[in-house]
Amino acid sequence: MGPWTFSRILLSVCRRGGVPWVTGYWSWMTTLTTCVWRAAFWSDALRLLGSTKELPDLILLDIHMPGPNGFETLEAIRSDGGTKGIPVIFLTADEDAGTETRGLMAGAMDFITKPFVPEVLLTRVNHIIELTRLQNDLSSQVTERTKALIEQRERVSRLSMQMARALAGAVDAKDTYTNSHSERVATYAREIARRYGYTPERQRDIYMIGLLHDVGKIGIPDTILSKPGKLDDDEFAVIKTHPVQGDKILHNIPEFPELAIGARWHHERYDGRGYPDGIAGTAIPEEARIIAVADAYDAMSSTRSYRPILSQQFIRQEIVNGRGTQFDPVFADIMLQMMDEDVDYQMSENYTQAALLK
Ligand SMILES: [Fe+2]
């Protein structure tokens, strides 16, 4: 059984002047399928389509018809969301190449000249219906697969973020005085990146880099991290190993090399007097330069074991002083702009968790 026997065909042809082939082919087609509709005008066809729940699988369309001609009718079919996917075969007595080209360019699937051999028409109709069904099946399969892939990617993305947050929380939990430090640094860094013009995807990246910038502190003894009061030189030397330790840990995530970059170089200074490598200026990766200013800001706007939270005015002056020496001047200026807009001093450790998770 071929598709013809169970397909719905709309035959839109001119019957003016009693063209004998119309009646003949109409009878012939109705012997092949019970689902043939006939309309002399597209308006008739639309009425027909409106009266049935199912659209035709194929439209056989005459070019010369009273009222809108075949090309205009095809344009109407293609501009209607409900019918634009229905394949159309043009029927015409015109044999010139221009008419055929115009018809095919207008979106017709095939072009058959009258009078035609019934078996040829039947074969072409069968092929086109089969082809259209295969295309529609393929298209819906691609849509379904794409949807599934997008959902899977979003799930992996959410999982990555949750893992990064969990790891950042584990780092921050080692020191009661740096509670949520990583979340805040990540949030400030993302805002700097947004104002600098990063895309939403890159902003998300910088947020992740900020979350894990201090992951190397996992390898620092709690006695040093949580020591009340100032650290001595030896203890500070141990603390200063955390960028390299973080780099070692995050190097195991080659899918996201910027994570290791942020961890290793967030304590570098713009003038080259930072650690661990003493690199300067734009030799310091941009991500690390952004994290550096966000990190320093959060350190000053948070309570430490050896001092209370610092005033906005004091921090502002420190950022100004560090502009071009400790910090990249571009990112320092963005941080200053953020501070100037923060009239209630909300950017501090008092930042609520809900605000951080925006
Ligand atoms: Fe750090």
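I keep staring at the environment of histidine 213 and nothing clicks. Help me out?
Of note, histidine 213 is situated in the loop between α7 (200–211) and α8 (222–225). C-alpha of histidine 213 to C-alpha of histidine 267: the two residues are 54 residues apart in sequence and 9.9 Å apart in space. Excluding residues within four positions of it along the chain, histidine 213 makes contact with Ser182, Val185, Gly262, Ala263, His266, Ile291 and Asp295.

Before we go on, may I ask you to explain the confidence of the model for the protein chain in this structure?
The predicted coordinates of low-pLDDT regions are not to be read in fine detail. This prediction gives the protein chain a mean pLDDT of 84; 82% of its residues lie at or above 70. This stretch, residues 1–6, has a pLDDT under 50; its non-local contacts, to residues over four places away or in other chains, come to eleven contacts. Note that pLDDT drops below 50 for residues 14–23; the model gives that stretch twelve contacts with residues more than four away or on any other chain.

In this structure, what is going on with the packing of helix α5 (residues 118–173) against helix α6 (residues 181–196)? I would like to understand it.
Helix-helix packing: each pair is described by the crossing angle between the helix axes and the interaxial distance. Contact pair α5 / α6: the axes reach a minimum separation of 8 Å and the direction vectors enclose 125°. In this view, α5 runs oblique relative to α6, as classed from their interaxial angle. Where α5 approaches α6, its residues Ala168, Val171 and Asp172 are matched on the opposing element by His181, Ser182 and Glu183. Classifying every residue of the contact of α5 with α6 by side-chain character gives two nonpolar, two polar and two charged.

What is the right way to look at the pairing of strand β4 (residues 88–92) in this model?
Within a regular strand, side chains alternate between the sheet's two faces. Alignment of strand β3 (residues 58–62) against β4, held across four bridges, turns out to be parallel. Directly across from leucine 61, in β4, lies its bridge partner phenylalanine 90. Summarising the sheet, β4 and strand β5 (residues 110–113) pair through four bridges and their orientation is parallel. Of the residues in β5, the one forming a bridge with phenylalanine 90 is phenylalanine 111. With respect to chirality, the unit in which β4 leads through helix α4 (residues 97–105) into the neighbouring parallel β5 is right-handed.

Can you walk me through helix α13 (residues 312–322) in this structure?
Along an α-helix, a turn takes 3.6 residues, which lines up residues three or four apart on a common side. Of the residues making up α13, those classed as buried are Ile315, Ile319 and Gly322. The buried residues of α13 occupy an angular sector of 70° when projected down its axis, which confines them to one face. Turned more than 90 degrees off the buried face of α13, the exposed positions are Gln313, Phe314, Gln317 and Asn321. At its buried positions, α13 is contacted by α12 (286–300) and α14 (329–341).

Quick question: what am I supposed to make of the environment of glutamine 337 here?
Of note, glutamine 337 is situated in helix α14. Overall, glutamine 337 belongs to the exposed group, with 12 C-beta atoms counted inside 10 Å. Distance from glutamine 337 to arginine 195, taken between C-alpha atoms, is 9.8 Å for residues 142 residues apart in sequence.

Help me understand the nonpolar core in this model?
Generally speaking, a soluble globular protein has its nonpolar side chains buried in company with each other. Ala189, Ile192, Leu212, Ile290, Val293 and Ala294 are the most contacted members of the largest nonpolar core, which totals 40 residues. Here this core gets eight residues from one element, more than from any other, and that element is α12. Residues Leu61, Ile63, Met109 and Leu121 belong to the second largest nonpolar core, which totals 15 residues.

Please clarify how the environment of alanine 93 should be interpreted in this entry.
Here alanine 93 shows up in the loop between β4 and α4. Classification of alanine 93 as partly exposed rests on a count of 13 C-beta atoms within 10 Å. In the structure, alanine 93 is positioned 29 residues away from histidine 64 in sequence and 9.0 Å away in space, judged by C-alpha atoms. Leaving out residues up to four positions away in the same chain, alanine 93 has contacts with Thr113 and Lys114.

Hey, could you run me through the pairing of β3 in this one?
Counted residue by residue, β3 has five buried out of five residues, so it is predominantly covered. Side chains of β3 alternate between two faces, with Leu58, Leu60 and Asp62 and Ile59 and Leu61 buried alike.

Conventions and cut-offs
- Residues numbered from 1 in each chain as written.
- Predicted model: local features only at pLDDT ≥ 70, side-chain atom pairs only at ≥ 80, totals over all residues.
- Helix = DSSP H or I, 4+ residues; strand = E, 2+ residues; numbered from the N terminus.
- Contact = placed C-beta atoms within 7 Å.
- pLDDT = per-residue confidence, 0-100.
- Axes fitted to C-alpha atoms, helices over the stretch in contact; angles between N-to-C directions.
- Parallel < 35°, antiparallel > 145°, perpendicular 65-115°, else oblique.
- Nonpolar A, V, L, I, M, F, W, Y, C, P; charged D, E, K, R; others polar.
- Pairing = 2+ DSSP bridges.
- Right-handed = clockwise from strand over helix to strand, strands pointing away.
- Buried ≥ 20, exposed ≤ 12 C-beta atoms within 10 Å, placed from the backbone.
- Arc of directions from axis to C-beta.
- Core = buried A, V, L, I, M, F, W, Y, C linked by C-beta atoms within 7 Å.

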